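Overview (structure and organization)
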Amino acid sequence: MRCAFAMAILNDFLSAWMRQAFQDCCPPEDLAAIATAPAANPDFGDYQCNAAMGLARRLRQAPREIAAAAMAGAPACPAVAKLECAGPGFINITLDDQWLATQIDLMAHDFERLGVPCPGAGRTVLLDYSSPNIAKPMHIGHIRSTVIGNALDRLHRFLGYRVLADNHLGDWGTQFGILIMGYRHFADQAALASAPVEELERLYVRSYEQARADHAWMDQCRAELVKLQAGDPENHRLWQQFVDLSMGEFDRIYRRLDVAFDLTRGESFYHEQLPGLIDTLVERGLARASEGALVAFLEEEKLPPCIVRKSDGAFNYAATDVATIVSRLQEFQPDRIIYVTDERQQLHFRQIFAIARRLGIEAELAHVWFGLMRLPEGTFSTRQGNVIKLERLLDEAEARALELVRQSSPAMPPAQQREVARAVGLGAVKYADLSQNPQSLVTFSWDKALALNGNSAPYLQYAHARIRSVLDKYQERHPDIRLDSQPILLGHPLERRLALHLLRFPEAVLQAAQLYRPSILADYLYELAGHYSSFYQNLPFLKEKAGRRESRVRLCALVASVLHRGLDLLGITAPDRI
RNA sequence: GUACCUGUAGCUCAAUUGGAUAGAGCAUCUGACUACGGAUCAGAAGGUUGCAGGUUCGAUUCCUGCCAGGUACGCCA
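Residues numbered from 1 in each chain as written. Chains lettered and ligands numbered in written order. Predicted model: local features only at pLDDT ≥ 70, side-chain atom pairs only at ≥ 80, totals over all residues. Heavy atoms only, no water.

**Looking at the state of the cysteines**
- In the structure shown here, the tally under the stated rule is zero disulfides.
- Looking at the unpaired cysteine 85, the closest cysteine sulfur is the one in cysteine 49, lying at 11 Å. (Disulfide = S-S within 2.5 Å.)

**Examining the confidence of the model for chain A**
- Within chain A, residue pLDDT values average 91, and 97% of them lie at 70 or more.
- Counting interchain partners and residues more than four positions distant, the pLDDT-below-50 stretch residues 1-6 has 14 contacts.
- Among the prediction metrics, the complex's ipTM stands at 0.95, with pTM recorded as 0.95. (pLDDT = per-residue confidence, 0-100. Contact = heavy atoms within 4.5 Å.)

**Focus: the side chain of arginine 265**
- Mapping arginine 265 onto the fold places it in the loop between α11 (233-257) and α12 (274-283).
- What makes arginine 265 buried here is its relative accessible area of 14%.
- Setting aside its immediate chain neighbours within four residues, arginine 265 contacts Asp166, Asn167, His168, Leu169, Tyr270, Glu331 and Phe332. (Helix = DSSP H or I, 4+ residues; strand = E, 2+ residues; numbered from the N terminus. Buried < 20%, exposed > 50% of the residue type's maximum accessible area, 1.4 Å probe, protein only.)

**Some thoughts on the protein's contact with RNA strand B**
- Close to RNA strand B lie 67 residues; Asn92, Glu291, Arg374, Asn437 and Leu539 are nearest.
- For RNA strand B, the backbone makes up 63% of the atoms found within 4 Å of the protein, where backbone means sugar plus phosphate.
- In this structure, asparagine 92 approaches RNA strand B through a side-chain N or O atom, which is 2.4 Å from a base nitrogen.
- Between a sugar or linking oxygen of RNA strand B and a side-chain N or O atom of glutamine 346, the distance comes to 2.7 Å.
- Considering only residue class, the surface near RNA strand B consists of 27 nonpolar, 25 polar and 15 charged. (Near = heavy atom within 4 Å. Polar contact = N/O pair within 3.5 Å; in protein donor to acceptor, adjacent residues only side chain to side chain. Nonpolar A, V, L, I, M, F, W, Y, C, P; charged D, E, K, R; others polar.)

**What about the packing of helix α7 (residues 175-186) against helix α10 (residues 215-230)?**
- One can describe the packing of α7 onto α10 by two numbers: an axis separation of 7 Å at closest approach and a directional angle of 110°. Taken together, α7 and α10 sit at an angle that is classed as roughly perpendicular. Taken together, the residues of α10 that come into contact with α7 (itself represented by Phe176, Gly177, Ile178, Ile180, Met181, Arg184, His185 and Phe186) are Trp217, Gln220, Cys221, Glu224, Leu225 and Leu228.
- Partitioned by chemical class, the residues of the contact of α7 with α10 number nine nonpolar, three polar and two charged. (Axes fitted to C-alpha atoms, helices over the stretch in contact; angles between N-to-C directions. Parallel < 35°, antiparallel > 145°, perpendicular 65-115°, else oblique.)

**What about the packing of aromatic side chains?**
- For the structure on display, the rule yields 18 aromatic pairs.
- Ring centres of phenylalanine 13 and tryptophan 99 lie 5.6 Å apart, and the angle between their planes is 10°; on these two criteria the pair is classed as stacked. Residue phenylalanine 13 is found in helix α1 (residues 10-22), and its partner tryptophan 99 is found in helix α5 (residues 97-109); the two are separated by 86 residues along the sequence. Of the two residues, phenylalanine 13 and tryptophan 99, neither departs from the other in class, the shared state being buried.
- Ring geometry for tyrosine 183 and phenylalanine 242: centres 5.7 Å apart, planes at 65°, overall edge-to-face. Linking tyrosine 183 in helix α7 with phenylalanine 242 in helix α11, this pair joins segments that are 59 residues apart in sequence.
- With relative accessibility at 14%, the residue tyrosine 183 sits in the buried group.
- Chaining the aromatic ring pairs together yields one cluster made of Tyr532, Phe535, Tyr536 and Phe541.
- The residue whose ring lies beneath arginine 206 is phenylalanine 186, and the NZ or CZ to ring-centre distance is 4.0 Å. (Phe/Tyr/Trp six-rings, centres within 6.5 Å; stacked < 30°, edge-to-face > 60°. Lys NZ or Arg CZ within 6 Å of the ring centre and 35° of its normal.)

**Some remarks on the nonpolar core**
- Ranked by size, the top nonpolar core spans 151 residues in total, and within it Phe22, Leu95, Phe505, Leu521 and Val562 carry the most contacts.
- Tallying contributions element by element places helix α22 (residues 548-569) first for this core, with 10 residues.
- Excluding anything up to four places from it in sequence, phenylalanine 22 contacts Leu31, Ile34, Cys49, Ala51, Ala52, Leu55, Ile66, Ala70 and Ile91.
- Leu277, Ile337, Tyr339 and Ala356 belong to the second largest nonpolar core, which has 34 residues in total. (Core = buried A, V, L, I, M, F, W, Y, C linked by side-chain atoms within 4.5 Å.)

**Here's the deal with unusual backbone geometry**
- Even without a glycine there, the phi angle at alanine 135 is positive, about 75°.
- Residue position: alanine 135 is located in the loop between β5 (124-128) and α6 (143-158).
- Take alanine 135: its relative accessible area is 3%, and that puts it in the buried class.
- Of note in the backbone geometry, glutamate 291 takes a positive phi value of approximately 50° without being a glycine.
- By the element assignment, glutamate 291 lies in the loop between β7 (288-290) and β8 (293-296).
- What makes glutamate 291 exposed here is its relative accessible area of 80%.

**Focus on the pairing of β8**
- In β8, alternate side chains face the same way, and those of Ala293 and Val295 on one face and Leu294 and Ala296 on the other are all buried.
- Adjacent in sequence and paired antiparallel, β7 and β8 are bridged by two residues, among which glutamate 291 carries a positive phi angle near 50°. (Pairing = 2+ DSSP bridges.)

**Some words on the sheet that holds β8**
- Spatially, β7-β8-β9 is the arrangement adopted by the three strands of the open sheet, whose pairing is antiparallel. This sheet does not close on itself; its edge strands, each paired only once, are β7 and β9 (306-309). Neighbour-to-neighbour, the strand axes of the sheet open up by a mean angle of 50°, direction not taken into account.
- As paired strands, β8 and β9 are joined by three bridges and run antiparallel to one another. Bridge assignment links alanine 296 to a residue of β9, and that residue is cysteine 306.

**Some points on the sheet that holds β5**
- Here four strands make up an open sheet; going across it, the order is β6-β5-β10-β11 and the pairing parallel. Only two strands of the sheet have a single partner each, and these edge strands are β6 (162-166) and β11 (364-370). For this sheet, the mean inter-axis angle between neighbouring strands, taken without regard to orientation, is 20°.
- The strands touched by helix α14 (residues 346-358) within the sheet are β10 (336-342) and β11, with β11 carrying the most contacts at an inclination of about 175°.

**With respect to the pairing of strand β4 (residues 90-95)**
- For β4, the buried fraction is high: five of the six residues fall into the buried class.
- Bridging between strand β2 (residues 47-49) and β4 involves three bridges; their strand directions are antiparallel. For cysteine 49, the partnering residue across the bridge sits in β4 and is isoleucine 91.
- Relative to β4, strand β3 (residues 80-86) runs antiparallel, the two sharing six bridges. Among the inter-strand pairings, leucine 83 is bridged to a residue of β4, identified as isoleucine 93.
- Two successive antiparallel strands, β3 and β4, enclose a turn made up of three residues, where glycine 87 displays a positive phi of approximately 55°.

**Topic: the side chain of arginine 554**
- Assignment of secondary structure puts arginine 554 in helix α22.
- Classification of arginine 554 by relative accessible area gives buried; the value is 7%.
- If we ignore the near neighbours within four places in the chain, the residues touching arginine 554 are Asp105, Ala108, His109, Leu483, Asp484, Gln486 and Ile488.

This is how it looks when you write it as C-alpha cells:
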C-alpha cells in the first residue's frame, strides 16, 4: 500500500499514517485516538507515537507486542527513514533527510502561505474585541483585549475566514447618567477643549464620588440615563458630544497600535431593538417579572437568574448583548461569534449564550477571556484614579527602544531610527501580552511589559533583521546565482533541527487560532528564533563552500519569511534593519 | 455560601491537553572578541510542580478533600 496523504500539517500526516499502521491490530472505535507527537527528546527520533501503551489494557497484550505489530503493519512511507520501539512501547519515528529537504523546498516556494492551509474558506467569524467605554481613557487594562483580539483577527483572516472585527463600544450604560450630572455641575469648558477625555474622566470621577455619598444625586443620575434612553434631545446631544470626543482619542490609539475594525458599533446601535427583544423573551416565556425587574431564569442550565430589564425601566448590558447577537446573525450570518473580554464577564456570557440558545440560535458562540491586569498594589479602576494610560505605556516603550537603536545603529538616519523604535517598542508591549497563557493573572510591571531581551519581540525582530542583512550580503557577492533552484542539504544536526521546526509552522498557526491562544504561535516563533540563533552562531554559511552555502542561505531566507509572517499574524512588524 | 480561574526554579512564565530525564527568560556564575550584526551563542547552578489522598504501565495534567490568592454571583458594564 502506498502512502498517499497530503502534507499540510506534518503531525496530522504522520498520525494518519500511524492509524493505517494500527488498522489491523486496533479496535476500530479506538483508531481515531491514535496520533503522533513531536519527540520529547532528540534521542527518541523526530516524532513519537504512544498509542500502544494505551491499547495494552483493552487488548490484554503487552504494549511492546502491539507496537511491534503496528510497525510491521505500517505501509511504506517515503517520509520515514527509521521506526523503532523503545521503553514500555513508544514508537519512535525518524524522518528521512531527503524527504525533509523536499518539504522545505516546497514550503520555500509557497511564498505567500508557507504551507499554511485555508480551512476557513467559506466561513464567517465575527470577532468582538477591544470594546472600551466612552468617556474613559484607554489604560493598560484595555491592551489585552485589543492585542489578543487583533491577533485572533489576523490569524483567522490568514486561515481564510471572512472576519468581521467589531468594536462593541460601551456607549450606552449607567456611566452616562453619572457623566451628564458631572457635566452639568462641574464642567470646565477650557479643559474640555484642550484635553477632552481627561476632563470627561475628571467629571465622571467627581460625579461618581458625589453619588456615593448622596443618594439623591445617584437617583438623579439614574433618571438622566432613563431620559437619555428615552430619547431626550438635550441628553442625547451631550451623549453625542462625549462619544465624538472619545472616538477621536480611540482612533489615534488604534492607528498607533496598527489595529483596524470592520465595524464600530456601540451598545447604542442596538438600542431600538431592545423593546422588541424583551417582548419576544416574555412571549416565549423566557423572562418574567420579578421584584419589579424582568428576569430570565436559567435553572436548567444551572445558572443564576439574569436581569434583562431593570425595575426603573432601563435596559441593561444583558439585554443589549442578546439583541446584539440577534442583530449580527440577521445581518451577517456568521458561523461563529467570538468575544474577547476579561475574566469578570464569564458568568455574563454563559447567561447570554444560554438565552441565545433558548431563542434557537445555533451559531457557535465563544467567550475568550483573559486574566485581569493588576498593579502590585491591587486592581485599578477609573473611579479610583490609579490607572496607567495606554499612551504613556506606548510612549515609554518607544523611548526605551529608541535609546537602544541609537546605541546599536548610530549610523542609521534618525527618521529610520524612530520608525524602528516604534516597531520594536510596540512589538515588545504586544508580545508581553501575547506570549503567555491569556488566562493567567497578570501583574503589570514596566520592566516586563517593556523587556527588550530574552523571550521578547525584539529578540525575534533581531533574529529577523540579522538574516535580512546576511541575505543582502549574499546577493551582493553572488548576484548571478538563482537561489530557489539550489538543492536543500540537511547534513548537520543543527540544520536538521531547524528544518524540522520550520515545517511545524502551519500547525502552530492553526492551533493558535483553534484554541484562541496566540501564545502558541509566539512560543513557536521564539523557539524558531532560538534554533536559528544556534545555527547562525555555530555554522558558517557565507564562508561555506558553494552548494552547502546556498542550502544554508535558503534555510535562512525561509526562517526570515516565517518570522516575518508569524510576527505579522501577531500584529508585530519585523523591520529589515534594526 | 455557590461557581469559575490561578498556584511549577529566587523572580516572570512554558510543558505539544495522560508520556520517557518538568523546559525557557531574567537575575547569579563560567566560557566564546580578526564576526556572516555580541540585542547573540556554549555551559554551570537553581525543583517534594501549594498540601493530602485516589485513578493506572505512567499524573504538572484527570477525580476527591483541604490551604492560599483572584474574580463573579437580580437592578454596574
